[in-house]
Amino acid sequence: MFTGRALIAVKVIKPTGDWNAGDIVLIEDWKARELWEAGVVEVVDEADKVIGEIDKTIAAERESEPLTALPSGLYERAEFYSYYLENYVRLNAGESVETINVKLTKLANLRKKLRDLKMIRFNKILKAVMLRPNSLELLSRLSPEERRIYLQMSRLRNEWLGDV
């Protein structure tokens, strides 16, 4: 699930190694998850920032016909904050109702916007496969997850239609 392609801001709670309590550091998503679950760090909630990036990306995708390059690690950061918000609510049931509602609202918003982005991108990938299967230019604009889909669909298209 977490790949190390996204950097997550965390605040150190328990000093460890070169980190002192109170330090804010950027670490890979899988490390952030492990250290947060162990109680060593507190995740700096940047879900709103990621939601904003998704909004900008959706707007850019709607304005341009071809697929555009995504901000680096966007899917991974969105998946991390989805995991974080869901687990924060589950693990901190004693928090104030307001705090829980804010986290749940962010979670719902993040998931909806991420799904919208994926649907837009998927539709564009479908069109690209029909018109330009196995295009190196298109591959350079896709995330690793999207590359896998594009290449598999291109292979299926070529098996079915050949080089039409």
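Structure first, text after, so check above.
Position numbers for residues count from 1 along each chain, tracking the sequence in the order it is written. Only residues with pLDDT of 70 or above have their local features reported here, since the model is predicted, and side-chain atom pairs are shown and tallied only from 80 upward, although totals for entire chains, interfaces and linings are computed over all residues. Each side-chain value is worked out from all heavy atoms of the structure, with water and hydrogens disregarded.

Asker: Can you tell me about the packing of aromatic side chains, naming the residues and giving the values?
Answerer: Between the rings of Phe, Tyr and Trp (Trp by its six-membered ring), a pair exists once the centres lie within 6.5 Å; its type follows the angle of the planes, with under 30 degrees stacked, over 60 edge-to-face, and the other angles tilted. Tallying each qualifying case throughout the model produces 6 aromatic pairs. For the pair F80 and Y81, a centre-to-centre distance of 5.3 Å together with 90° between the ring planes defines the contact as edge-to-face. Since its relative accessible area comes to 1%, Y81 is described here as buried. Between F80 and Y83, the aromatic rings sit 5.9 Å apart at their centres with planes inclined by 55°, giving tilted as the arrangement. Here the residue F80 and the residue Y83 both occupy positions in helix α3 (residues 74–91), the gap between them amounting to 3 residues, near one helical turn. Any residue under 20% of the maximum accessible area for its type is buried, any over 50% is exposed, and the rest in between are partly exposed; the area is computed with a 1.4 Å probe on protein chains only. Among the residues examined, Y83 registers a relative accessible area of 10% and is labelled buried. Site record: aromatic cluster; members linked through ring pairs are W36, F80, Y81, Y83, Y84 and Y88. Only DSSP runs of H or I covering at least 4 residues are called helices, and only runs of E covering at least 2 are called strands; the numbering of each starts at the N terminus.

Asker: Residues and numbers for the layout of surface pockets, please.
Answerer: Throughout, the protein atoms alone are placed on a 1 Å grid, and a set of points is a cavity if a 1.4 Å probe fits but cannot get out or a pocket if it is open with protein on both sides within 12 Å along at least five of seven lines; lining residues have an atom within 4 Å of a point. Grid points are joined across faces, edges and corners, and a volume is the space filled by probe spheres set on the points. Taken as a whole, the largest pocket spans an internal volume of roughly 240 Å³. Every residue lining the largest pocket is counted, 14 residues in all, and those nearest its centre are Y75, K118, E145, E146 and I149. Secondary-structure elements contributing two or more residues to the lining of the largest pocket are α3, α4 (97–131) and α6 (144–161). The leading source of residues in the lining of the largest pocket is α4, at 4 residues. As a working rule, the residues Ala, Val, Leu, Ile, Met, Phe, Trp, Tyr, Cys and Pro are called nonpolar, Asp, Glu, Lys and Arg charged, and the rest polar, with Gly in that last group. Among the residues making up the lining of the largest pocket, the classes are represented as 6 nonpolar, 1 polar and 7 charged.

Asker: Summarise the packing of helix α2 (residues 47–63) against α4; cite the residues concerned and give the values.
Answerer: Two elements in contact, α2 and α4, have axes separated by 10 Å at closest approach and are oriented at 25°. Between α2 and α4, the angle is such that the two are roughly parallel. In this structure, the crossing between α2 and α4 has a hand that is left-handed. Each of A47, D48, V50, I51, I54, D55, T57, I58, E61 and R62 in α2 lies in contact with α4, whose residues at this interface are K106, N109, L110, K113, L114, D116, L117, I120, R121 and K124. To get an axis, a line is fitted to the C-alpha atoms, and for a helix only the part in contact is used. The angle between two axes follows their N-to-C directions and goes from 0 to 180 degrees. Any angle that falls under 35 degrees is termed roughly parallel, while one over 145 is termed roughly antiparallel, one within 65 to 115 roughly perpendicular, and all others oblique. What makes a crossing left-handed is the near helix being turned counterclockwise from the far one by less than a right angle; a clockwise turn instead makes it right-handed. By definition in these notes, contact holds between two residues if any of their heavy atoms fall within 4.5 Å.

Asker: Go over the side chain of T57, please, and point to the residues and values.
Answerer: Structurally, the position occupied by T57 is in helix α2. The residues contacting T57, other than those within four sequence positions of it, are L70, P71, L74 and L117.

Asker: Got a sec to walk through the environment of A69? Specific residues and values, please.
Answerer: Among the structural elements, A69 can be located in the loop between α2 and α3. Spatially, the C-alpha atom of A69 lies 29 Å from that of I24, the residues being 45 residues apart in sequence.

Asker: Describe the pattern of salt bridges, and please don't skip the residues or the numbers.
Answerer: Should a side-chain nitrogen of Lys or Arg be within 4 Å of a carboxyl oxygen of Asp or Glu, the pair is scored as a salt bridge. Under the defined criterion, the tally for this structure stands at 18 salt bridges. Among the salt bridges present, the one from E53 reaches R77, with a minimum N-O distance of 2.4 Å. In this pair, E53 is assigned in helix α2 and R77 in helix α3, connecting sequence segments 24 residues apart. The shortest N-O distance in the salt bridge between E137 and R132 comes to 2.8 Å. Of the residues examined, E137 reaches a relative accessible area of 44% and is grouped as partly exposed.

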